[in-house]
Amino acid sequence: MTFDTIIRNGRWFDGTGAPSAVRNVGIRNGHVVAISPEPLDETGGPQVIDAAGKWVMPGMLDIHTHYDVEVLGGPSLSESLRHGVTTVMLGSCSLSTVHVGGIDAGDLFGRVEAIPRDQVIAAVDENKTWTDCKGYVTALESLPLGPNLAAFIGHSDMRTAVMGLDRATRKDERPTAAEQARMEQMLTEALEAGFVGMSSQQLLFDKIDGDTCRSRTLPSTYAKPRELRRLKSLLRRSGRVLQSGPDIQNPLNLVSQLAQSLGLFRNNLKTSLLSAADIKANPYSIAIMGPVARLVNKLGGNFRWQHLPVPFEVYADGIDLVVFEEFGSGAAALHLRDQVERNELLRDEEYRRKFRKDYDSKFGVRVWHRDFFDAEIVSCPDESVVGKSFGQVGQERGELHPVDAFLDLVLEHGTALRWRTTISNHRPDVLKKLARDPGIQLGFSDAGAHLRNMAFYNMGLRLLRHVRDAERTGTPFMSTEQAVHRLTGELADWYRIDAGHLRIGDRADVVIIDPEHLDDSLDAYAEDTVDQYGGLSRMVNRNDDTVTAVLVGGRTVFADGRLTDLVGKQRTGRFLRAAHQTPSISAENSELTSVR
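Not measured: the values here are computed from a predicted model. (Residues numbered from 1 in each chain as written. Predicted model: local features only at pLDDT ≥ 70, side-chain atom pairs only at ≥ 80, totals over all residues. Heavy atoms only, no water.)

1. So, the sheet that holds strand β15 (residues 418-424)
- The three strands lie next to each other as β13-β15-β14, forming an open sheet whose pairing is antiparallel. Only two strands of the sheet have a single partner each, and these edge strands are β13 (312-317) and β14 (376-379). For this sheet, the mean angle separating the axes of adjacent strands, direction not counted, is 35°.
- Summarising the sheet, β13 and β15 pair through six bridges and their orientation is antiparallel. Directly across from Asp317, in β15, lies its bridge partner Arg418. (Pairing = 2+ DSSP bridges. Helix = DSSP H or I, 4+ residues; strand = E, 2+ residues; numbered from the N terminus. Axes fitted to C-alpha atoms, helices over the stretch in contact; angles between N-to-C directions.)

2. Remarks on the domain arrangement of the chain
- Domain annotation for the chain reports domain 1 (60-313 + 424-518) and domain 2 (314-420).
- A separation of 30 Å is found between the C-alpha centroids of domain 1 and domain 2.
- Counting residues at the interface gives 21 residues for domain 1, matched by 22 residues for domain 2.
- Summing both partners gives a buried area of about 1900 Å² for domain 1 against domain 2, and 49% of it is carried by carbon and sulfur.
- Joining domain 1 to domain 2, the criterion identifies six salt bridges.
- Note that Arg111 is salt-bridged to Glu325, the shortest N-O span being 2.7 Å.
- The interface formed by domain 1 and domain 2 includes nine residue pairs in polar contact (both at pLDDT 80 or more).
- Looking at the side of domain 1 that touches domain 2, its residues break down into seven nonpolar, five polar and nine charged. (Domains from an automatic or database assignment. Contact = heavy atoms within 4.5 Å. Buried area = accessible area lost by both parts, 1.4 Å probe. Salt bridge = Lys/Arg side-chain N within 4 Å of Asp/Glu carboxyl O. Polar contact = N/O pair within 3.5 Å; in protein donor to acceptor, adjacent residues only side chain to side chain. Nonpolar A, V, L, I, M, F, W, Y, C, P; charged D, E, K, R; others polar.)

3. Regarding helix α6 (residues 155-163)
- Extensive coverage of α6 is indicated by the burial of eight of its nine residues.
- Along its buried surface, α6 packs onto α3 (102-109), β8 (148-154), α7 (165-168), α8 (177-192), β9 (197-199) and α9 (225-238). (Buried < 20%, exposed > 50% of the residue type's maximum accessible area, 1.4 Å probe, protein only.)

So this is what it looks like as C-alpha coordinates:
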(Lines give C-alpha, C1' and ligand atoms only; values in the text may rest on other atoms or scores of the structure.)
Protein backbone atom coordinates (compact mmCIF):
# COMPACT_ATOMS: atom_id res chain seq x y z
CA MET A 1 0.00 0.00 0.00
CA THR A 2 1.34 3.43 -0.95
CA PHE A 3 0.60 6.62 0.92
CA ASP A 4 0.56 10.35 0.28
CA THR A 5 1.48 11.12 3.90
CA ILE A 6 2.68 9.05 6.84
CA ILE A 7 2.51 10.40 10.37
CA ARG A 8 5.05 8.36 12.28
CA ASN A 9 5.13 7.29 15.96
CA GLY A 10 2.70 9.84 17.39
CA ARG A 11 0.25 9.30 20.24
CA TRP A 12 -2.93 8.82 18.24
CA PHE A 13 -6.40 9.87 19.42
CA ASP A 14 -9.38 8.79 17.34
CA GLY A 15 -11.85 11.41 18.65
CA THR A 16 -14.22 8.91 20.26
CA GLY A 17 -12.70 9.01 23.75
CA ALA A 18 -11.17 5.54 23.31
CA PRO A 19 -7.70 4.93 24.75
CA SER A 20 -4.87 6.57 22.83
CA ALA A 21 -1.81 4.68 21.62
CA VAL A 22 1.43 5.23 19.75
CA ARG A 23 0.61 4.52 16.14
CA ASN A 24 1.66 5.19 12.56
CA VAL A 25 -1.05 6.81 10.46
CA GLY A 26 -1.19 6.46 6.68
CA ILE A 27 -3.14 8.91 4.53
CA ARG A 28 -4.08 8.55 0.89
CA ASN A 29 -6.46 10.59 -1.28
CA GLY A 30 -7.46 12.74 1.67
CA HIS A 31 -8.52 9.88 3.95
CA VAL A 32 -6.99 7.76 6.68
CA VAL A 33 -6.23 4.35 5.18
CA ALA A 34 -3.91 2.79 7.77
CA ILE A 35 -3.39 2.98 11.53
CA SER A 36 -0.70 0.61 12.68
CA PRO A 37 1.64 -0.03 15.60
CA GLU A 38 4.18 -1.19 13.02
CA PRO A 39 6.12 1.09 10.67
CA LEU A 40 4.37 1.82 7.38
CA ASP A 41 6.00 1.39 4.00
CA GLU A 42 7.59 4.70 3.00
CA THR A 43 8.33 3.51 -0.55
CA GLY A 44 7.43 6.06 -3.18
CA GLY A 45 8.61 9.10 -1.25
CA PRO A 46 5.49 10.09 0.62
CA GLN A 47 5.52 13.02 2.99
CA VAL A 48 6.65 11.66 6.35
CA ILE A 49 5.92 13.62 9.53
CA ASP A 50 7.82 12.47 12.59
CA ALA A 51 5.37 12.81 15.48
CA ALA A 52 7.38 11.01 18.16
CA GLY A 53 6.48 12.47 21.55
CA LYS A 54 3.56 14.39 20.06
CA TRP A 55 -0.21 14.02 19.99
CA VAL A 56 -1.93 13.17 16.70
CA MET A 57 -5.62 13.98 16.92
CA PRO A 58 -8.58 14.95 14.76
CA GLY A 59 -8.77 18.60 13.79
CA MET A 60 -10.85 20.55 16.29
CA LEU A 61 -14.28 22.09 15.70
CA ASP A 62 -15.27 25.67 16.47
CA ILE A 63 -19.04 25.68 16.78
CA HIS A 64 -19.54 29.42 17.27
CA THR A 65 -17.86 31.86 14.88
CA HIS A 66 -18.78 34.98 12.93
CA TYR A 67 -16.57 34.29 9.93
CA ASP A 68 -19.51 34.88 7.56
CA VAL A 69 -17.99 38.11 6.25
CA GLU A 70 -14.28 37.32 6.51
CA VAL A 71 -14.62 34.04 4.59
CA LEU A 72 -15.75 35.93 1.49
CA GLY A 73 -12.50 37.88 1.14
CA GLY A 74 -10.13 35.77 3.22
CA PRO A 75 -11.33 32.17 2.86
CA SER A 76 -8.17 30.64 4.34
CA LEU A 77 -9.39 31.60 7.85
CA SER A 78 -5.81 31.01 8.83
CA GLU A 79 -6.03 32.24 12.42
CA SER A 80 -8.21 29.27 13.29
CA LEU A 81 -6.38 26.90 10.96
CA ARG A 82 -2.97 27.46 12.54
CA HIS A 83 -4.37 26.50 15.96
CA GLY A 84 -5.62 23.10 14.86
CA VAL A 85 -9.22 24.09 14.09
CA THR A 86 -10.15 22.35 10.84
CA THR A 87 -13.94 22.88 10.93
CA VAL A 88 -15.76 26.13 11.73
CA MET A 89 -19.45 26.90 12.02
CA LEU A 90 -20.89 29.98 10.31
CA GLY A 91 -24.21 31.72 10.89
CA SER A 92 -24.31 32.14 14.66
CA CYS A 93 -26.55 34.49 16.69
CA SER A 94 -29.22 34.84 13.95
CA LEU A 95 -26.65 36.42 11.58
CA SER A 96 -25.70 35.07 8.18
CA THR A 97 -25.04 36.51 4.72
CA VAL A 98 -27.16 34.12 2.70
CA HIS A 99 -30.07 36.42 1.83
CA VAL A 100 -29.29 40.02 2.84
CA GLY A 101 -27.39 42.47 0.67
CA GLY A 102 -24.35 44.46 1.65
CA ILE A 103 -25.95 47.42 3.43
CA ASP A 104 -28.25 45.26 5.53
CA ALA A 105 -25.35 42.94 6.34
CA GLY A 106 -23.31 45.95 7.41
CA ASP A 107 -26.09 47.11 9.71
CA LEU A 108 -26.55 43.63 11.20
CA PHE A 109 -22.89 42.69 11.70
CA GLY A 110 -21.15 46.04 12.17
CA ARG A 111 -22.03 46.99 15.73
CA VAL A 112 -23.08 43.64 17.17
CA GLU A 113 -19.90 41.88 16.10
CA ALA A 114 -17.57 44.91 16.03
CA ILE A 115 -16.61 44.43 12.38
CA PRO A 116 -16.10 47.63 10.34
CA ARG A 117 -19.47 48.31 8.71
CA ASP A 118 -18.03 49.65 5.45
CA GLN A 119 -15.89 46.54 5.09
CA VAL A 120 -18.89 44.28 5.65
CA ILE A 121 -20.83 46.12 2.94
CA ALA A 122 -17.94 45.87 0.49
CA ALA A 123 -17.27 42.19 1.20
CA VAL A 124 -20.88 41.17 0.59
CA ASP A 125 -21.56 43.42 -2.40
CA GLU A 126 -18.29 42.54 -4.15
CA ASN A 127 -18.56 38.78 -3.64
CA LYS A 128 -22.25 37.94 -3.65
CA THR A 129 -23.14 35.81 -6.66
CA TRP A 130 -25.86 33.70 -5.05
CA THR A 131 -29.58 34.15 -4.54
CA ASP A 132 -30.38 31.12 -2.39
CA CYS A 133 -28.81 28.62 0.00
CA LYS A 134 -27.75 26.20 -2.69
CA GLY A 135 -25.99 28.98 -4.56
CA TYR A 136 -24.39 30.18 -1.32
CA VAL A 137 -22.86 26.74 -0.73
CA THR A 138 -21.64 26.60 -4.33
CA ALA A 139 -20.06 30.04 -3.94
CA LEU A 140 -18.27 29.04 -0.76
CA GLU A 141 -16.91 25.89 -2.34
CA SER A 142 -15.54 27.91 -5.26
CA LEU A 143 -13.25 29.74 -2.82
CA PRO A 144 -9.81 28.50 -1.64
CA LEU A 145 -11.21 27.47 1.74
CA GLY A 146 -8.71 26.63 4.46
CA PRO A 147 -10.83 24.76 7.02
CA ASN A 148 -14.12 22.97 6.46
CA LEU A 149 -17.31 24.97 6.91
CA ALA A 150 -20.71 24.10 8.32
CA ALA A 151 -23.47 26.62 8.74
CA PHE A 152 -26.65 27.79 10.39
CA ILE A 153 -29.11 29.96 8.50
CA GLY A 154 -29.63 33.17 10.47
CA HIS A 155 -33.16 34.09 11.53
CA SER A 156 -32.33 37.83 11.35
CA ASP A 157 -30.92 37.30 7.87
CA MET A 158 -34.17 35.71 6.66
CA ARG A 159 -36.43 38.17 8.46
CA THR A 160 -34.56 41.17 7.07
CA ALA A 161 -34.56 39.84 3.52
CA VAL A 162 -38.30 39.13 3.63
CA MET A 163 -39.65 42.11 5.60
CA GLY A 164 -37.00 44.76 5.10
CA LEU A 165 -34.82 45.85 8.00
CA ASP A 166 -37.09 48.69 9.11
CA ARG A 167 -40.26 46.59 9.35
CA ALA A 168 -38.32 43.62 10.74
CA THR A 169 -37.24 45.75 13.71
CA ARG A 170 -40.55 47.26 14.75
CA LYS A 171 -42.57 45.89 17.66
CA ASP A 172 -45.91 46.58 15.99
CA GLU A 173 -45.03 44.77 12.76
CA ARG A 174 -45.50 41.07 12.06
CA PRO A 175 -44.75 39.16 8.88
CA THR A 176 -47.70 38.72 6.55
CA ALA A 177 -48.84 35.19 5.72
CA ALA A 178 -46.83 35.36 2.51
CA GLU A 179 -43.74 36.63 4.34
CA GLN A 180 -44.03 33.89 6.95
CA ALA A 181 -44.32 31.30 4.19
CA ARG A 182 -41.27 32.75 2.47
CA MET A 183 -39.17 32.46 5.66
CA GLU A 184 -40.28 28.86 6.06
CA GLN A 185 -39.32 28.23 2.45
CA MET A 186 -35.89 29.78 3.07
CA LEU A 187 -35.34 27.56 6.08
CA THR A 188 -36.50 24.49 4.16
CA GLU A 189 -34.06 25.28 1.35
CA ALA A 190 -31.25 25.72 3.90
CA LEU A 191 -31.94 22.36 5.50
CA GLU A 192 -32.08 20.64 2.13
CA ALA A 193 -28.79 22.31 1.18
CA GLY A 194 -27.21 20.72 4.24
CA PHE A 195 -27.24 23.51 6.82
CA VAL A 196 -27.06 22.18 10.37
CA GLY A 197 -30.04 24.28 11.46
CA MET A 198 -31.13 27.82 12.27
CA SER A 199 -29.74 30.38 14.67
CA SER A 200 -31.97 32.89 16.39
CA GLN A 201 -31.41 35.49 19.09
CA GLN A 202 -33.54 37.02 21.82
CA LEU A 203 -30.75 38.80 23.71
CA LEU A 204 -31.64 42.49 23.87
CA PHE A 205 -28.28 44.25 24.08
CA ASP A 206 -27.13 43.29 20.58
CA LYS A 207 -27.73 46.49 18.59
CA ILE A 208 -27.94 47.36 14.90
CA ASP A 209 -25.49 49.68 13.14
CA GLY A 210 -26.17 52.18 10.36
CA ASP A 211 -28.56 55.13 10.28
CA THR A 212 -32.08 53.95 9.52
CA CYS A 213 -32.48 51.41 12.33
CA ARG A 214 -29.50 52.31 14.50
CA SER A 215 -29.60 51.00 18.08
CA ARG A 216 -32.62 48.76 17.53
CA THR A 217 -32.12 45.16 18.59
CA LEU A 218 -31.63 42.35 16.07
CA PRO A 219 -34.63 41.44 13.88
CA SER A 220 -35.07 38.00 15.47
CA THR A 221 -35.78 39.65 18.85
CA TYR A 222 -39.03 41.06 17.40
CA ALA A 223 -40.38 37.66 16.33
CA LYS A 224 -43.61 36.60 18.06
CA PRO A 225 -44.22 33.05 19.34
CA ARG A 226 -46.19 31.96 16.28
CA GLU A 227 -43.39 32.91 13.89
CA LEU A 228 -40.82 31.12 16.00
CA ARG A 229 -43.03 28.09 16.53
CA ARG A 230 -43.53 27.51 12.80
CA LEU A 231 -39.81 27.81 12.06
CA LYS A 232 -38.89 25.53 14.95
CA SER A 233 -41.37 22.93 13.75
CA LEU A 234 -39.29 22.55 10.57
CA LEU A 235 -36.19 21.97 12.69
CA ARG A 236 -38.02 19.39 14.81
CA ARG A 237 -39.17 17.38 11.82
CA SER A 238 -35.75 17.37 10.21
CA GLY A 239 -33.78 16.66 13.39
CA ARG A 240 -31.71 19.81 12.91
CA VAL A 241 -30.41 22.25 15.50
CA LEU A 242 -31.68 25.53 16.91
CA GLN A 243 -28.90 27.74 18.19
CA SER A 244 -30.31 30.54 20.30
CA GLY A 245 -29.52 33.20 22.86
CA PRO A 246 -32.17 33.90 25.49
CA ASP A 247 -33.29 37.25 26.81
CA ILE A 248 -31.37 36.97 30.08
CA GLN A 249 -33.47 39.70 31.68
CA ASN A 250 -36.64 37.68 31.16
CA PRO A 251 -36.68 34.41 33.16
CA LEU A 252 -39.78 33.22 31.27
CA ASN A 253 -37.89 33.44 27.99
CA LEU A 254 -35.10 31.29 29.37
CA VAL A 255 -37.59 28.73 30.74
CA SER A 256 -39.30 28.65 27.35
CA GLN A 257 -36.00 28.03 25.58
CA LEU A 258 -35.30 25.10 27.88
CA ALA A 259 -38.80 23.64 27.65
CA GLN A 260 -38.92 23.79 23.85
CA SER A 261 -36.24 21.11 23.66
CA LEU A 262 -38.49 18.56 25.37
CA GLY A 263 -40.95 18.00 22.58
CA LEU A 264 -43.87 16.59 24.63
CA PHE A 265 -45.95 14.53 22.16
CA ARG A 266 -43.75 15.67 19.24
CA ASN A 267 -40.10 15.44 18.25
CA ASN A 268 -37.72 17.10 20.64
CA LEU A 269 -35.84 20.13 19.39
CA LYS A 270 -32.07 19.93 19.40
CA THR A 271 -31.15 23.18 21.10
CA SER A 272 -27.77 24.80 21.65
CA LEU A 273 -28.14 27.80 23.94
CA LEU A 274 -25.82 30.72 24.72
CA SER A 275 -24.13 30.39 27.06
CA ALA A 276 -22.77 28.63 30.13
CA ALA A 277 -20.34 31.06 31.74
CA ASP A 278 -19.04 31.51 35.27
CA ILE A 279 -19.98 35.20 35.34
CA LYS A 280 -18.29 37.42 37.91
CA ALA A 281 -21.44 39.53 38.15
CA ASN A 282 -23.48 36.49 39.22
CA PRO A 283 -21.29 33.68 40.58
CA TYR A 284 -24.28 31.54 41.56
CA SER A 285 -26.06 31.17 38.22
CA ILE A 286 -23.48 28.75 36.83
CA ALA A 287 -24.29 26.24 39.58
CA ILE A 288 -27.73 25.56 38.10
CA MET A 289 -26.85 25.41 34.39
CA GLY A 290 -25.45 21.89 34.34
CA PRO A 291 -28.25 20.39 36.47
CA VAL A 292 -30.88 22.16 34.36
CA ALA A 293 -29.43 20.72 31.15
CA ARG A 294 -29.25 17.23 32.64
CA LEU A 295 -32.86 17.46 33.84
CA VAL A 296 -34.14 18.58 30.43
CA ASN A 297 -32.25 15.77 28.71
CA LYS A 298 -33.42 13.20 31.27
CA LEU A 299 -37.02 14.22 30.51
CA GLY A 300 -36.48 13.59 26.81
CA GLY A 301 -34.95 16.80 25.52
CA ASN A 302 -31.78 17.24 23.50
CA PHE A 303 -30.27 20.37 24.99
CA ARG A 304 -26.76 21.79 25.30
CA TRP A 305 -25.25 24.98 26.67
CA GLN A 306 -22.36 26.47 24.69
CA HIS A 307 -19.29 27.28 26.77
CA LEU A 308 -15.91 28.95 26.29
CA PRO A 309 -13.56 26.70 28.29
CA VAL A 310 -11.06 29.45 29.16
CA PRO A 311 -11.19 32.76 31.09
CA PHE A 312 -13.26 35.29 29.15
CA GLU A 313 -10.77 38.14 29.04
CA VAL A 314 -11.72 41.15 26.93
CA TYR A 315 -9.84 44.23 25.80
CA ALA A 316 -11.26 47.61 24.81
CA ASP A 317 -10.12 50.76 23.06
CA GLY A 318 -11.77 53.59 24.95
CA ILE A 319 -15.49 52.97 25.41
CA ASP A 320 -15.86 50.73 22.35
CA LEU A 321 -16.88 47.46 23.95
CA VAL A 322 -20.13 45.55 23.53
CA VAL A 323 -20.71 45.09 27.28
CA PHE A 324 -21.64 48.79 27.54
CA GLU A 325 -24.71 47.99 25.42
CA GLU A 326 -26.37 46.21 28.36
CA PHE A 327 -27.25 49.38 30.29
CA GLY A 328 -28.82 52.65 29.19
CA SER A 329 -25.99 55.12 29.61
CA GLY A 330 -23.46 52.84 27.95
CA ALA A 331 -25.76 52.19 24.99
CA ALA A 332 -26.40 55.94 24.68
CA ALA A 333 -22.68 56.58 24.18
CA LEU A 334 -22.29 53.79 21.61
CA HIS A 335 -25.35 55.07 19.76
CA LEU A 336 -23.37 58.17 18.78
CA ARG A 337 -20.94 57.54 15.95
CA ASP A 338 -19.78 61.15 15.65
CA GLN A 339 -16.84 61.57 18.01
CA VAL A 340 -17.60 65.23 18.74
CA GLU A 341 -21.18 64.41 19.75
CA ARG A 342 -20.05 61.46 21.81
CA ASN A 343 -17.47 63.55 23.66
CA GLU A 344 -20.09 66.21 24.42
CA LEU A 345 -22.25 63.51 25.94
CA LEU A 346 -19.39 62.10 28.02
CA ARG A 347 -18.70 65.57 29.45
CA ASP A 348 -22.32 66.22 30.38
CA GLU A 349 -22.83 66.03 34.16
CA GLU A 350 -26.40 64.76 33.90
CA TYR A 351 -25.19 61.93 31.67
CA ARG A 352 -22.44 61.13 34.14
CA ARG A 353 -24.96 60.92 36.96
CA LYS A 354 -26.92 58.36 34.92
CA PHE A 355 -23.74 56.41 34.18
CA ARG A 356 -22.77 56.38 37.87
CA LYS A 357 -26.28 55.22 38.77
CA ASP A 358 -26.11 52.39 36.22
CA TYR A 359 -22.64 51.47 37.43
CA ASP A 360 -23.62 51.40 41.11
CA SER A 361 -26.93 49.57 40.62
CA LYS A 362 -26.85 46.06 42.06
CA PHE A 363 -30.19 45.03 40.59
CA GLY A 364 -30.95 43.20 37.37
CA VAL A 365 -29.20 40.52 35.37
CA ARG A 366 -25.90 41.56 33.85
CA VAL A 367 -22.93 40.14 31.96
CA TRP A 368 -20.30 42.69 32.95
CA HIS A 369 -19.45 43.01 36.64
CA ARG A 370 -19.20 46.82 36.28
CA ASP A 371 -16.20 47.13 38.54
CA PHE A 372 -13.64 49.64 37.31
CA PHE A 373 -11.29 48.47 40.05
CA ASP A 374 -11.24 45.21 38.07
CA ALA A 375 -10.21 46.84 34.79
CA GLU A 376 -6.51 47.30 34.08
CA ILE A 377 -5.13 49.94 31.73
CA VAL A 378 -2.64 48.25 29.40
CA SER A 379 -1.62 51.15 27.18
CA CYS A 380 -2.17 54.90 27.15
CA PRO A 381 -0.28 58.01 25.99
CA ASP A 382 -0.19 58.94 29.68
CA GLU A 383 2.18 56.22 30.85
CA SER A 384 1.59 57.09 34.50
CA VAL A 385 -1.76 55.27 34.43
CA VAL A 386 -0.57 52.10 32.67
CA GLY A 387 -0.87 49.02 34.87
CA LYS A 388 -3.44 50.67 37.12
CA SER A 389 -7.20 50.21 37.34
CA PHE A 390 -9.61 53.05 36.68
CA GLY A 391 -10.59 52.84 40.33
CA GLN A 392 -6.97 53.41 41.38
CA VAL A 393 -6.66 56.34 38.97
CA GLY A 394 -9.79 57.86 40.52
CA GLN A 395 -8.35 57.53 44.02
CA GLU A 396 -5.11 59.17 42.93
CA ARG A 397 -6.99 62.05 41.32
CA GLY A 398 -8.73 63.20 44.47
CA GLU A 399 -11.18 60.39 45.18
CA LEU A 400 -12.92 60.60 41.83
CA HIS A 401 -15.74 58.13 41.25
CA PRO A 402 -14.38 55.28 39.06
CA VAL A 403 -16.87 56.22 36.34
CA ASP A 404 -15.52 59.78 36.21
CA ALA A 405 -11.94 58.53 36.13
CA PHE A 406 -12.85 56.26 33.21
CA LEU A 407 -14.76 58.91 31.25
CA ASP A 408 -12.05 61.53 31.83
CA LEU A 409 -9.43 59.21 30.37
CA VAL A 410 -11.68 58.32 27.42
CA LEU A 411 -12.20 62.01 26.70
CA GLU A 412 -8.49 62.72 26.97
CA HIS A 413 -7.14 59.79 24.96
CA GLY A 414 -10.04 58.25 22.99
CA THR A 415 -9.23 54.87 21.48
CA ALA A 416 -5.56 55.26 22.41
CA LEU A 417 -6.68 54.22 25.89
CA ARG A 418 -6.57 50.41 25.94
CA TRP A 419 -7.70 48.36 28.90
CA ARG A 420 -8.74 44.84 29.82
CA THR A 421 -10.88 42.91 32.25
CA THR A 422 -12.01 39.32 32.77
CA ILE A 423 -15.78 39.01 32.68
CA SER A 424 -16.25 35.31 33.36
CA ASN A 425 -14.68 31.84 33.61
CA HIS A 426 -12.12 33.10 36.11
CA ARG A 427 -12.31 30.19 38.59
CA PRO A 428 -10.25 27.15 37.47
CA ASP A 429 -12.21 24.69 39.63
CA VAL A 430 -15.48 25.78 38.06
CA LEU A 431 -13.97 25.45 34.59
CA LYS A 432 -13.02 21.87 35.43
CA LYS A 433 -16.62 21.03 36.34
CA LEU A 434 -17.98 22.64 33.18
CA ALA A 435 -15.43 20.89 30.97
CA ARG A 436 -16.75 17.46 31.92
CA ASP A 437 -20.46 18.29 32.14
CA PRO A 438 -22.39 16.36 29.44
CA GLY A 439 -24.96 19.14 29.09
CA ILE A 440 -22.31 21.61 27.99
CA GLN A 441 -20.60 21.97 24.61
CA LEU A 442 -17.08 23.37 24.40
CA GLY A 443 -17.17 26.16 21.87
CA PHE A 444 -18.12 29.84 21.61
CA SER A 445 -14.87 31.39 20.41
CA ASP A 446 -16.60 34.21 18.45
CA ALA A 447 -13.77 33.95 15.92
CA GLY A 448 -14.09 36.54 13.19
CA ALA A 449 -15.82 39.08 15.43
CA HIS A 450 -14.78 41.59 18.11
CA LEU A 451 -11.43 41.80 16.39
CA ARG A 452 -9.91 44.32 18.78
CA ASN A 453 -11.52 42.87 21.89
CA MET A 454 -10.65 39.18 22.22
CA ALA A 455 -8.75 36.24 20.77
CA PHE A 456 -9.79 32.69 21.59
CA TYR A 457 -8.52 30.93 18.46
CA ASN A 458 -6.48 28.64 20.72
CA MET A 459 -9.22 27.77 23.20
CA GLY A 460 -8.90 24.04 22.47
CA LEU A 461 -5.17 24.11 23.16
CA ARG A 462 -5.78 25.89 26.45
CA LEU A 463 -8.28 23.25 27.54
CA LEU A 464 -5.78 20.51 26.69
CA ARG A 465 -3.16 22.31 28.79
CA HIS A 466 -5.58 22.49 31.71
CA VAL A 467 -6.20 18.75 31.45
CA ARG A 468 -2.51 17.88 31.01
CA ASP A 469 -1.45 20.04 33.97
CA ALA A 470 -4.07 18.45 36.23
CA GLU A 471 -2.83 14.98 35.25
CA ARG A 472 0.76 15.94 36.01
CA THR A 473 -0.12 17.25 39.47
CA GLY A 474 -2.05 14.10 40.31
CA THR A 475 -5.44 15.85 40.37
CA PRO A 476 -7.01 14.82 37.04
CA PHE A 477 -10.55 15.96 36.30
CA MET A 478 -10.83 14.24 32.92
CA SER A 479 -8.55 12.20 30.69
CA THR A 480 -6.80 13.63 27.66
CA GLU A 481 -8.83 11.22 25.52
CA GLN A 482 -12.05 12.64 26.96
CA ALA A 483 -10.88 16.19 26.36
CA VAL A 484 -10.01 15.43 22.74
CA HIS A 485 -13.41 13.78 22.29
CA ARG A 486 -15.19 16.84 23.67
CA LEU A 487 -13.34 19.14 21.26
CA THR A 488 -13.79 16.91 18.20
CA GLY A 489 -15.97 13.81 17.82
CA GLU A 490 -18.61 14.75 20.38
CA LEU A 491 -19.39 18.01 18.59
CA ALA A 492 -19.29 16.48 15.12
CA ASP A 493 -21.64 13.68 16.15
CA TRP A 494 -24.15 16.03 17.79
CA TYR A 495 -24.29 18.37 14.79
CA ARG A 496 -24.09 15.31 12.50
CA ILE A 497 -21.30 16.51 10.26
CA ASP A 498 -18.42 14.53 8.75
CA ALA A 499 -15.59 15.67 11.00
CA GLY A 500 -14.02 15.13 14.39
CA HIS A 501 -12.73 11.55 14.03
CA LEU A 502 -9.47 9.96 12.98
CA ARG A 503 -10.20 6.33 12.14
CA ILE A 504 -9.65 4.25 9.02
CA GLY A 505 -11.93 5.66 6.34
CA ASP A 506 -12.29 9.08 7.99
CA ARG A 507 -11.36 12.26 6.20
CA ALA A 508 -7.82 13.19 7.21
CA ASP A 509 -8.35 16.42 9.10
CA VAL A 510 -5.47 16.25 11.57
CA VAL A 511 -3.64 18.38 14.11
CA ILE A 512 -0.30 17.37 15.62
CA ILE A 513 0.44 18.94 19.00
CA ASP A 514 3.62 19.07 21.04
CA PRO A 515 2.39 18.61 24.63
CA GLU A 516 5.64 20.04 26.00
CA HIS A 517 4.63 23.40 24.53
CA LEU A 518 1.20 23.45 26.14
CA ASP A 519 2.65 26.18 28.31
CA ASP A 520 2.28 29.82 29.34
CA SER A 521 2.70 30.97 25.75
CA LEU A 522 -0.96 30.07 25.24
CA ASP A 523 -1.98 33.00 27.47
CA ALA A 524 -0.17 35.64 25.42
CA TYR A 525 -1.72 37.76 22.69
CA ALA A 526 -0.27 39.17 19.50
CA GLU A 527 -1.61 41.43 16.77
CA ASP A 528 -1.86 40.93 13.04
CA THR A 529 -3.63 42.75 10.25
CA VAL A 530 -6.76 41.74 8.36
CA ASP A 531 -6.05 42.60 4.75
CA GLN A 532 -9.66 42.47 3.60
CA TYR A 533 -10.64 44.88 6.38
CA GLY A 534 -8.33 47.63 5.21
CA GLY A 535 -5.36 46.41 7.25
CA LEU A 536 -7.23 46.60 10.56
CA SER A 537 -5.09 45.29 13.41
CA ARG A 538 -6.71 42.49 15.37
CA MET A 539 -5.86 40.43 18.41
CA VAL A 540 -4.60 36.95 17.61
CA ASN A 541 -2.85 34.02 19.27
CA ARG A 542 0.52 32.69 18.20
CA ASN A 543 1.36 29.16 19.34
CA ASP A 544 3.55 27.94 16.52
CA ASP A 545 5.70 25.79 18.82
CA THR A 546 2.62 24.06 20.21
CA VAL A 547 1.02 23.12 16.90
CA THR A 548 3.51 21.10 14.86
CA ALA A 549 1.34 20.49 11.81
CA VAL A 550 -2.24 20.77 10.57
CA LEU A 551 -3.74 18.81 7.69
CA VAL A 552 -7.11 19.38 6.06
CA GLY A 553 -8.36 16.67 3.74
CA GLY A 554 -4.94 15.07 3.97
CA ARG A 555 -3.13 18.16 2.72
CA THR A 556 -0.68 20.01 4.94
CA VAL A 557 -1.77 23.59 5.56
CA PHE A 558 0.48 24.45 8.51
CA ALA A 559 3.91 23.09 9.40
CA ASP A 560 7.16 24.25 10.95
CA GLY A 561 5.61 27.43 12.30
CA ARG A 562 4.16 28.71 9.03
CA LEU A 563 1.24 28.36 6.70
CA THR A 564 2.05 26.33 3.61
CA ASP A 565 1.85 27.61 0.05
CA LEU A 566 -1.55 25.93 -0.36
CA VAL A 567 -3.26 28.29 2.03
CA GLY A 568 -5.27 30.98 0.30
CA LYS A 569 -4.48 29.56 -3.12
CA GLN A 570 -6.04 26.10 -3.21
CA ARG A 571 -9.16 24.76 -1.54
CA THR A 572 -8.46 22.24 1.20
CA GLY A 573 -11.70 22.57 3.16
CA ARG A 574 -15.23 21.89 2.04
CA PHE A 575 -18.79 22.70 3.05
CA LEU A 576 -19.93 19.96 5.40
CA ARG A 577 -23.56 19.12 4.84
CA ALA A 578 -25.59 17.60 7.65
CA ALA A 579 -24.81 13.93 7.13
CA HIS A 580 -27.98 12.12 8.14
CA GLN A 581 -30.93 11.49 5.83
CA THR A 582 -32.60 14.80 5.28
CA PRO A 583 -36.38 14.97 5.13
CA SER A 584 -37.58 17.07 2.23
CA ILE A 585 -39.95 19.51 3.89
CA SER A 586 -42.70 21.36 2.13
CA ALA A 587 -43.33 24.60 3.95
CA GLU A 588 -46.86 24.59 2.57
CA ASN A 589 -48.11 21.16 3.60
CA SER A 590 -45.30 19.80 5.82
CA GLU A 591 -45.26 16.47 3.96
CA LEU A 592 -42.01 14.55 4.52
CA THR A 593 -40.17 12.38 2.03
CA SER A 594 -36.78 10.78 2.50
CA VAL A 595 -33.95 12.20 0.38
CA ARG A 596 -30.21 12.41 0.78
